[in-house]
Amino acid sequence: PGYEQYFSLVLAHLPRFTTWSRSFLASLLARGGAGAAPHLREMLADRSRGPLVRAIAADALRLLNDIESASLAATILANRDQTDRELVTACLRILRHLGHGAHVPLVRPLVTAADPVVRAAAVGALGTIGGAREVPLLQDVLDDVAYWVSLEAARGLMNLGAGHILRRLAGSQGPWAVIARQVLSE
């Protein structure tokens, strides 16, 4: 903070550090404070940048609670040609953290993505920004073959006030009883 005029010079060299921990780089960039946000938004929007660099910028913006980045993340997700796992999940995390109900139509199709990492991020976002209309979809996703997707669906049901579904599952002997009990105890 206080040296924002040099931030673009730092960001110009970010591709050299993509072998480093993504969360570490995002937290370093977020330490630049609110003055760094415009530079990070510019990087996230720049299609000529690599997807991993853009994902790091998205993670930093989420850490900064930069509300303007939610609309930018929504724009990226609306571009159905964008399939990079890192960038898509980073945008979904922004929407989970800073999004609202108007973003639900962008998130909903990603709940059935082929990639389980994208599915889990989409289910997590839907369970946070969605409403009662998403309960049946989250209930359907409970039996996903990927554990993390099922866990996010159970947490989403709890967030949306559908704990009664989890209590019913927790009392059963089915395979999702353990996940339901876990989420109910969190």
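Details of the structure are given in the entry above.
Residues numbered from 1 in each chain as written. Predicted model: local features only at pLDDT ≥ 70, side-chain atom pairs only at ≥ 80, totals over all residues. Heavy atoms only, no water.

Along its length, the protein carries 12 helices and zero strands. Going residue by residue from the N terminus, the α and β elements of the protein occur as α-α-α-α-α-α-α-α-α-α-α-α. Relative to a compact globule of 186 residues, whose C-alpha radius of gyration would be 16 Å, the protein shows 18 Å and is just as compact. Along the three orthogonal principal directions, the C-alpha set of the protein runs to about 60 × 30 × 30 Å. Every one of the 186 residues in the protein was classed for burial, and the buried ones make up 46%. Accessible area of the protein: about 9,400 Å², with a carbon and sulfur share of 57%. Positive and negative side-chain charges in the protein, numbering 19 and 16 respectively, have mean positions lying 3 Å apart. (Helix = DSSP H or I, 4+ residues; strand = E, 2+ residues; numbered from the N terminus. Rg over C-alpha atoms; globule rule 2.2 N^0.38 Å. Buried < 20%, exposed > 50% of the residue type's maximum accessible area, 1.4 Å probe, protein only. Areas by Shrake-Rupley, 256 points an atom, 1.4 Å probe, with all protein chains shown as cover. Lys, Arg positive; Asp, Glu negative; His and termini not counted. Charge placed at Lys NZ, Arg CZ, Asp CG, Glu CD.)

Our next topic: the pattern of salt bridges. In total, this model carries 13 salt bridges according to the counting rule given. Close ionic contact of Asp59 with Arg22 constitutes a salt bridge, the shortest N to O distance being 2.6 Å. Here Arg22 lies in helix 2 (residues 22-30) and Asp59 lies in helix 4 (residues 51-63), a separation of 37 residues in the sequence. The salt bridge partner of Asp115 is Arg85, with a shortest N-O separation of 2.7 Å. Here Asp115, found in the loop between helix 7 (104-107) and helix 8 (116-129), pairs with Arg85, found in helix 6 (residues 85-98); they are 30 residues apart in sequence, far enough to count as distant. (Salt bridge = Lys/Arg side-chain N within 4 Å of Asp/Glu carboxyl O.)

The end-to-end C-alpha distance of helix 10 (residues 147-159), which contains 13 residues, comes to 18 Å, matching closely the 18 Å that a straight helix rising 1.5 Å per residue would cover. Next to the buried residues of helix 10 lie helix 6, helix 8, helix 9 (135-141), helix 11 (163-170) and helix 12 (177-185). At the exit of helix 10 stands Gly161, carrying a positive phi of roughly 80°. (Expected span 1.5 Å × (residues − 1). Contact = heavy atoms within 4.5 Å.)

Turning our attention to helix 5 (residues 68-78). For helix 5, every residue scored as buried is listed here: Ser69, Ala70, Leu72, Ala73, Ala74, Ile76 and Leu77. Contact partners of the buried residues in helix 5: helix 3 (37-45), helix 4, helix 6 and helix 7.

Counting residues in each nonpolar core, the largest one holds 62 residues, and the members touching the most others are Leu14, Leu29, Leu40, Leu44, Leu92, Val107 and Leu157. The residues contacting Leu29, other than those within four sequence positions of it, are Phe7, Leu11, Leu14, Ala36, Leu40, Ile56 and Ala60. (Core = buried A, V, L, I, M, F, W, Y, C linked by side-chain atoms within 4.5 Å.)

Before going further, it helps to spend a moment on the packing of aromatic side chains. Here the structure, examined in full by the defined rule, presents three aromatic pairs. Measuring from ring centre to ring centre gives 6.0 Å for Trp20 and Phe24, while their planes differ by 40°; the resulting arrangement is tilted. We classify Trp20 as partly exposed; its relative accessible area is 41%. With relative accessibility at 40%, the residue Phe24 sits in the partly exposed group. Both rings, one in Tyr147 and one in Trp148, keep their centres 5.3 Å apart while their planes meet at 75°; by these two values the pair is edge-to-face. Overall, Tyr147 belongs to the partly exposed group, its relative accessible area being 38%. (Phe/Tyr/Trp six-rings, centres within 6.5 Å; stacked < 30°, edge-to-face > 60°.)

Here the focus is the environment of Arg119. Here Arg119 is to be found in helix 8. With 16 residues separating them in the primary sequence, Arg119 and His103 have C-alpha atoms 16 Å apart. When sequence neighbours within four positions are dropped, the list of residues in contact with Arg119 reads Leu110, Val111, Thr112, Ala113, Ala114, Asp144, Val145, Ala146 and Val149. Within the structure, Arg119 has its side chain in polar contact with the backbone oxygen of Ala114 (distance 3.0 Å). (Polar contact = N/O pair within 3.5 Å; in protein donor to acceptor, adjacent residues only side chain to side chain.)

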